[in-house]
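# Close look at the chain arrangement
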Amino acid sequence: MRRPKRVLALAFSGLLLAACSHKDKDAPLAFVPADTPYVLANLDVLDDETRQAILTQVDAELPAQVVQMKSQADQLADKDPDMAKYLRTLATEFDGKTAEQVIQETGVNPKGYMALYGLGLSPVLRMELADTKAFDSFVAKIQNDYGKKLDVVSLGTQSYQRYVAPVSHLQFIIAVVGKQAVLALLPQDAAQPLLRQALGLDRPAKSVQDTDRLADLAKSKGYAKWAVGQVDLTRLLPLLIGGQDPLAQALQKMRAENESAKTGEPVANIMQLPPSCQSEASRIAARVPQMSMGYTTLDEKHRDMRFDVSLANDIVSAFHTLKVELPGLGSDPSAPFELSLALPMQQLRTFWSAQAQAVADKPFTCPMLDNLNDTFSSLGDATQKAAVPPIGDLLGLHIALDSYTPNPNGGMPKVAGRVVIGTNNPAGLLAMAQMTSPMLNGLKLTGDNKPVALPAQLTNALGESGWAAMGAKSLGVAVGTGEDSKLSDVMQQPGGDAGELMRTHLDGDMYANWINLLEQRAETTAAMSSALNPDDSNAQNDPKAALASTKAQFEAMKSEAARIKAIGMQVRMEDQGLVITTHTELK
């Protein structure tokens, strides 16, 4: 389901790109409680040209996604026939249509407001409609094609439709309220106040729109106003773990019934949670109080985003001012594939040892969290073992790949690229490598960053020319024609600035090459399975169906890769927490 979800997310982003700058008392954000634990909404409008460019991107991806949905439906036919039928219904509905046609047929206003938010944990999607009759017709058509009707229920003068899932104790509701569509996932036995608020019949005492919460967030983080999201973990985790939220209770009841069926323990006993769950959820949330995201650039050729993860002060201070001496970490990547990853083992060991000790000193007692005790205990043991060289001396890793060509006969692939290891003891790492591989015994490096040819015995085994170089805190190896000069360059590149943790870059051609390689291997595996099980009639295990699904998935990936010029990401620790920026450039 990952690829269809990605297309729907892109379509949703396109639909979010609209809004007026004034405050409308009936705008979706006016229905979002100020204390909602999560919200994603649009605050401003994109120009028509850019919005159309996004819809064009959806058009290009949609055919492959339709094929994939059909293939997934075939695989689920025996295991989950209802879901298989639902996927086929959706695939048929989208087949051969453009994004513009889908928007028109659903009645959604492409220049309207939307908001996805939580009433407690219960998700609600509210979006403005251009044509309420078209939306009703679309919902009716999906039900007719699927072969199952939703229940029609009234709450006062407001009607809505619902589907109840008794096993999960949840209900999905859908309604048209005024000129807005409302979709929500609620507990099966949701109390009337929750239903009324989900439908918008009762307004929150104070809304997100009243607080300017998202507008202030966008301004402080540099997000554009086209789509801004925020998750408040200080509210969400206590709701999820504390056992008081209605949706959390419904999900907990489902888990308890499953466990009771296996163990015989009464459901009521399993569902009991000690008071510590609430406080321990808040304890975790205090370490990671908030996450947020937003676009920074969105136009015909670029999709750039920023993700922020706020962290406790001791986490920030451990890495915010840290400068990792890894060559290349401070430079913009330029190779078809390039990765610079900070791994300052001394600081990582100190930090994670402290976290493990904090949990050992005050273990979790909530049943939903007690597995963290073993996790942090194992982590503490691992940090002690990581003190041993060469791991204990690590600073980071830099990989650059200029070309990669698989061997059709299954032997060593043809590779051109370089690897640099940041370490506090490069001479010791070299000595250890020479002890491990006698073919390196004749290699002598002086720490001047200058490449030295690898011993002939080793290059003959590789089938490629190769070099090694050593710096004050780095050891590098390069393989392939002309890679010696590139190794020399990277060995002299600057390390990371304060707080810089990762940079990576992948161009579209290398991405497409990797997809083709993965496809070949996947098809080979599926073909072997088909040959070994030619008479398997189970749709779930049918090798031919698996091969068809594999092809559909890779077609979707190749369709996406064909439009990508480059993908990049940077991770850094700033004064309030972790900042992750992504860059996608289209052809």
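Small disclaimer: the values here were computed from a predicted structure and weren't measured.

### Here we look at the packing of helix 2 (residues 48–76) against helix 4 (residues 99–106)
Running from N to C, helix 2 and helix 4 cross one another at 100°; their axes reach a closest spacing of 8 Å. With respect to helix 4, the element helix 2 is oriented roughly perpendicular. Here helix 2 contributes Q52, L55, V58 and D59 to the contact with helix 4, which in turn contributes A99, E100 and I103. Looking at side-chain class alone, the contact of helix 2 with helix 4 contains four nonpolar, one polar and two charged residues.

### Some details on empty space enclosed by the protein
All told, the structure shown has two cavities of 30 Å³ or more when counted by the stated rule. Along the walls of the second largest cavity sit Q57, E61, R303, E560, R563, I564 and L586, which together make up its complete lining. Class assignment of the residues belonging to the lining of the second largest cavity gives a composition of two nonpolar, one polar and four charged.

### Side note on the layout of surface pockets
Looking at the second largest pocket, its volume works out to about 590 Å³. Along its surface, the second largest pocket is lined by 21 residues, and R287, I315, F351, W352 and Q355 are the ones closest to its centre. For the lining of the second largest pocket, the secondary structure elements donating two or more residues are helix 12 (276–287), helix 13 (313–319), helix 14 (345–361) and helix 15 (371–385). Partitioning the lining of the second largest pocket into residue classes produces 18 nonpolar, one polar and two charged.

### Concerning the packing of helix 4 against helix 5 (residues 132–146)
Between helix 4 and helix 5, the least distance of the axes is 6 Å, while the angle of their chain directions is 100°. One element, helix 4, and the other, helix 5, form an angle in the roughly perpendicular class. Facing Q104, E105 and T106 of helix 4, the residues of helix 5 in contact are A134, F135 and F138. Across the contact of helix 4 with helix 5, the residue classes break down as three nonpolar, two polar and one charged.

### Some remarks on the confidence of the model for the protein
Scored by pLDDT, the protein has a mean of 89; 93% of the residues are at 70 or more. When mean pLDDT is compared element by element in the protein, strand 11 (residues 337–342) scores highest at 98, while helix 1 (residues 2–16) scores lowest at 53.

### Let's talk about the state of the cysteines
The final tally for this structure, using the stated rule, is one disulfide. Note that C277 is cross-linked by a disulfide to C366, the S-S spacing being 2.0 Å. One quick way to see it: the torsion about the S-S bond of C277 and C366 is about 90°, and its sign makes the bridge right-handed. Linking C277 in helix 12 with C366 in the loop between helix 14 and helix 15, this pair joins segments that are 89 residues apart in sequence. C366 carries the same exposure label as C277, and that label is buried.

### Some thoughts on the packing of aromatic side chains
In total, this model carries four aromatic pairs according to the counting rule given. On the basis of an interplanar angle of 70° and a centroid distance of 5.5 Å, the ring pair of F319 and F351 is categorised as edge-to-face. Residue F319 is found in helix 13, and its partner F351 is found in helix 14; the two are separated by 32 residues along the sequence. Across the pair, F351 and F319 agree in class, each one buried. What links up through ring pairs into an aromatic cluster is the set F319, F351 and W352. Here the guanidinium or amino end of R126 rests over the ring plane of F31, the centre of that ring lying 3.9 Å away.

### Remarks on helix 18 (residues 483–491)
Within helix 18 the residues assigned to the buried category are E483, L487, S488, V490 and M491. Tucked into the core, helix 18 has its buried residues touching strand 12 (394–405), strand 13 (414–423), strand 15 (466–471) and strand 16 (474–479).

### Description of the pairing of strand 7 (residues 180–187)
Counting buried positions along strand 7 yields seven of eight residues, so the element is predominantly enclosed. Sheet analysis places strand 3 (residues 122–128) next to strand 7, joined by five bridges and oriented antiparallel. Bridge pairing in strand 7 links L125 to L183. Between strand 6 (residues 170–177) and strand 7, which follow one another and run antiparallel, lie two residues, and G178 among them has a positive phi close to 65°.

### Some details on a nonpolar patch on the surface
Among the surface-exposed residues, Y163, F172 and L185 lie close enough to one another that they form a single nonpolar patch of about 250 Å² accessible area. Secondary-structure assignment places F172 in strand 6. Taking the relative accessible area as the measure of exposure, F172 reaches 31% and is therefore partly exposed.

### Some thoughts on the pattern of salt bridges
All told, the structure shown has 28 salt bridges when counted by the stated rule. The residue E483 makes a salt bridge to K486 at a minimum N-O spacing of 4.0 Å. Linking E483 with K486, this pair stays in helix 18, spanning three residues, or about one helical turn. On the basis of relative accessibility, which here comes to 1%, the residue E483 falls in the buried class.

Rules used in this analysis
- Residues numbered from 1 in each chain as written.
- Predicted model: local features only at pLDDT ≥ 70, side-chain atom pairs only at ≥ 80, totals over all residues.
- Heavy atoms only, no water.
- Axes fitted to C-alpha atoms, helices over the stretch in contact; angles between N-to-C directions.
- Helix = DSSP H or I, 4+ residues; strand = E, 2+ residues; numbered from the N terminus.
- Parallel < 35°, antiparallel > 145°, perpendicular 65-115°, else oblique.
- Contact = heavy atoms within 4.5 Å.
- Nonpolar A, V, L, I, M, F, W, Y, C, P; charged D, E, K, R; others polar.
- 1 Å grid on protein atoms, 1.4 Å probe; cavity = no way out; pocket = protein on both sides within 12 Å on 5 of 7 lines; lining within 4 Å.
- Points joined across faces, edges and corners; volume = space filled by probe spheres on them.
- pLDDT = per-residue confidence, 0-100.
- Disulfide = S-S within 2.5 Å.
- Buried < 20%, exposed > 50% of the residue type's maximum accessible area, 1.4 Å probe, protein only.
- Phe/Tyr/Trp six-rings, centres within 6.5 Å; stacked < 30°, edge-to-face > 60°.
- Lys NZ or Arg CZ within 6 Å of the ring centre and 35° of its normal.
- Pairing = 2+ DSSP bridges.
- Patch = residues over 30% accessible without salt bridge, like charges linked within 9 Å, V, L, I, M, F, W, Y side chains within 5 Å.
- Areas by Shrake-Rupley, 256 points an atom, 1.4 Å probe, with all protein chains shown as cover.
- Salt bridge = Lys/Arg side-chain N within 4 Å of Asp/Glu carboxyl O.

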